[in-house]
Structures are given as structure tokens and as C-alpha cells.
Amino acid sequence: MYEDLTYEAHGDVGVITLDRPQVHNALRRRSYDELQDAIRSTSERVLVITGRDPSFCSGDDVREIMAPDAPLSEQLAEPRVTPAAKALLTTDVPIVAAVNGAAMGWGMELAIMADLRVASERAGFAELFVKRGLCCDVAGLGRLAQLVGREQASDLLFTGRRIDAMEAKQIGLVARVVPHNGLMDAALELAGQIAENPPLAVMTLKAGLRRALDPDWDELGRWVSASLADLFQTDDHREGVQAFLDKRRPVYHGR
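Residues numbered from 1 in each chain as written. Predicted model: local features only at pLDDT ≥ 70, side-chain atom pairs only at ≥ 80, totals over all residues. Heavy atoms only, no water.

**Quick notes on the sheet that holds strand β9 (residues 176-178)**
Read across the open sheet, the six strands follow the order β1-β2-β3-β4-β6-β9; overall the sheet is mixed. In the strand order of this sheet, the two ends are held by β1 (5-10) and β9, each with one partner. Averaged over all adjacent pairs, the angle separating strand axes in this sheet is 20°, with direction ignored. Pairing of β1 with strand β2 (residues 13-18) involves six bridges; the strand directions are antiparallel. Opposite Thr6, over in β2, you have Thr17 as the bridge partner. (Pairing = 2+ DSSP bridges. Helix = DSSP H or I, 4+ residues; strand = E, 2+ residues; numbered from the N terminus. Axes fitted to C-alpha atoms, helices over the stretch in contact; angles between N-to-C directions.)

Here you go:
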């Protein structure tokens, strides 16, 4: 059914596995569409999202999404929240992220859009957007500071630095760190505990958390899209992408 991910049911738990290991599960437009569809169409009570080893998700596929000749996406041409992000943020189904490796850029956004995060000892996290001359998606603005506090969120967003699994646990980004070989067992056990509870009560609790804690995702998404549309046109963005492709240190000029 899907090309860029797999979906398997384990009783009342659905497992979505990003499946482009040759590019560290980087997301292209098809990947975003399939992720949105898998979330919206699930009939299971709980979802676990993970990546095919060795990575969780390295973020956008730079060569497709950020290449100099890449067309401006519909989302940026008509500002709105990323459809896959909206599916993640508005679903009534609880989501557990099983972070098995690097969660970079939108990969980290994906992890923090989950309700709970279980990390392998091999996991790593970075909000890399600033390194590409861009701002993060809505989750980095609307969820990250809730998890780690404003100062830690500012550190991660403004520097783009990578942190390992133990630092992520220390600052509250993940709930638990487990041996790599036990990651899926731990994630499925947690998801199973949730799935055993009355589904209407769980859905109501998740809706209540959204009501109490979440911003207006549509409004924030429009702002992010408009900001990205501007930043995509800057020399700094083009330099950030080219330096990544050339494997060299970028030189930014603020224009």
C-alpha cells in the first residue's frame, strides 16, 4: 500500500515504520502524504511510529525538498499547517514515538508531535532548521518548550546542536531510554498498556490535553508557512543547503 513506510497491526496497536533507510528515512513529498494517510486511516487504538534502522528520521530529503530548483510547495504557496503535522497533532489516537536513531530536523519534530517518546540508547536529536537558514515547523514552537522549558528550547532551536539520548532524557525531551534491542518491546508494551484502557476515555483525555496546552495550530501553521516562504528565498538558506551538499562549513551573510 505504501512505498516510503510500512504499517503493521499488533493487536490494537498500529506500527508505522519509516522505510527509506538508504537516506536515513528522509522525508520526500510522497513520505509526507503516506504518513498523513497512515495516521488518518488507522483503525487501531494506539500508534507507534519508528524508523528502519539505523535512523529514526533525518528530516526533509534535502535533494527533493530544498534543492535550488525545487518547486515551491503548495503549503508555502498557500500558507497552512503541514498536512502531516496536522494529522499528527489532531488525531484522537495516542502516539508513541520509538526513536531508534537520529531524529533530525523534521524527524525531531515528528518525535515531539507524539504524545510519548521512548528512545534507544543510540538515539540523537537536533532541530537543524537554523543550519539551513530556516525556522522549524509548528511542533518546535508549540511543543518543545512545554517539554524542556523555554531556555532549553531556545538552546536547541537557535544552535541546531545535536544531543544524545541521555541528555534528551535529562532535559525531559524523552520519558525513558532503553537498550537498542529492547526499544520496540518497550514501545509496544507502553502502547499496549494504553490500548487496554477504555478508548473513549483515552480519546477524551487526549482531547483535554490539546484544549489545555496546544496553541491554534492552523494560525501558527500559517505563520510558519509564510515565514518559510520568505526564508526559502534567502542567500543564507541557499548557502546552508549547498554547504550541506558540498560537506563544508557554511558562510552566512544575513541576506
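Now, onward.
**Details of the packing of aromatic side chains**
Inspection of the entire model under this criterion finds one aromatic pair. On the numbers, 4.9 Å between centres and 80° between planes, the contact of Tyr32 with Trp106 is edge-to-face. Within this pair, whereas Tyr32 is found in helix α1 (residues 29-41), its partner Trp106 is found in helix α5 (residues 106-113), the two being separated by 74 residues in sequence. Assigned by exposure class, Tyr32 and Trp106 land together as buried. (Phe/Tyr/Trp six-rings, centres within 6.5 Å; stacked < 30°, edge-to-face > 60°. Buried < 20%, exposed > 50% of the residue type's maximum accessible area, 1.4 Å probe, protein only.)

**As for the sheet that holds strand β5 (residues 102-104)**
Sheet architecture is open: three strands sit in the order β5-β7-β8, paired in mixed fashion. Bordering the open sheet on either side are β5 and β8 (163-164), each of which pairs with just one other strand. Sheet topology places β5 next to strand β7 (residues 124-126); three bridges connect them, and they run parallel. Each bridged residue has a counterpart across the sheet, and for Met104 the counterpart in β7 is Ala126.

**Focus on α5**
Counting buried residues along α5, eight of its eight residues qualify, which places the element largely inside the surrounding structure. Where α5 is concerned, the buried positions are Trp106, Gly107, Met108, Glu109, Leu110, Ala111, Ile112 and Met113.

**Observations regarding the pairing of strand β3 (residues 46-51)**
Burial runs high along β3: six of the six residues are buried. Burial of β3 is two-sided: the residues Val46, Val48 and Thr50 facing one way and the residues Leu47, Ile49 and Gly51 facing the other way are all buried. In the sheet, β2 pairs with β3 via six bridges, with the strands oriented parallel. Its bridge partner lying in β3, Gly14 is registered against Leu47. Between the parallel pair β2 and β3, the chain is carried across by α1, and the sense of this crossover is right-handed. In the sheet, β3 pairs with strand β4 (residues 95-99) via three bridges, with the strands oriented parallel. By the bridge assignment, Val48 is partnered in β4 with Val96. (Right-handed = clockwise from strand over helix to strand, strands pointing away.)

**Here's the deal with the packing of helix α4 (residues 83-90) against α5**
In helix packing, the relevant descriptors are the interaxial angle and the interaxial distance, both defined with respect to the helix axes. Put simply, α4 and α5 touch, their axes get as near as 9 Å, and they point 20° apart. Between α4 and α5, the interaxial angle falls into the category roughly parallel. In contact with Ala84, Ala85, Leu88 and Leu89 of α4, α5 contributes Trp106, Leu110 and Met113. Looking at side-chain class alone, the contact of α4 with α5 contains seven nonpolar, no polar and no charged residues. (Parallel < 35°, antiparallel > 145°, perpendicular 65-115°, else oblique. Contact = heavy atoms within 4.5 Å. Nonpolar A, V, L, I, M, F, W, Y, C, P; charged D, E, K, R; others polar.)

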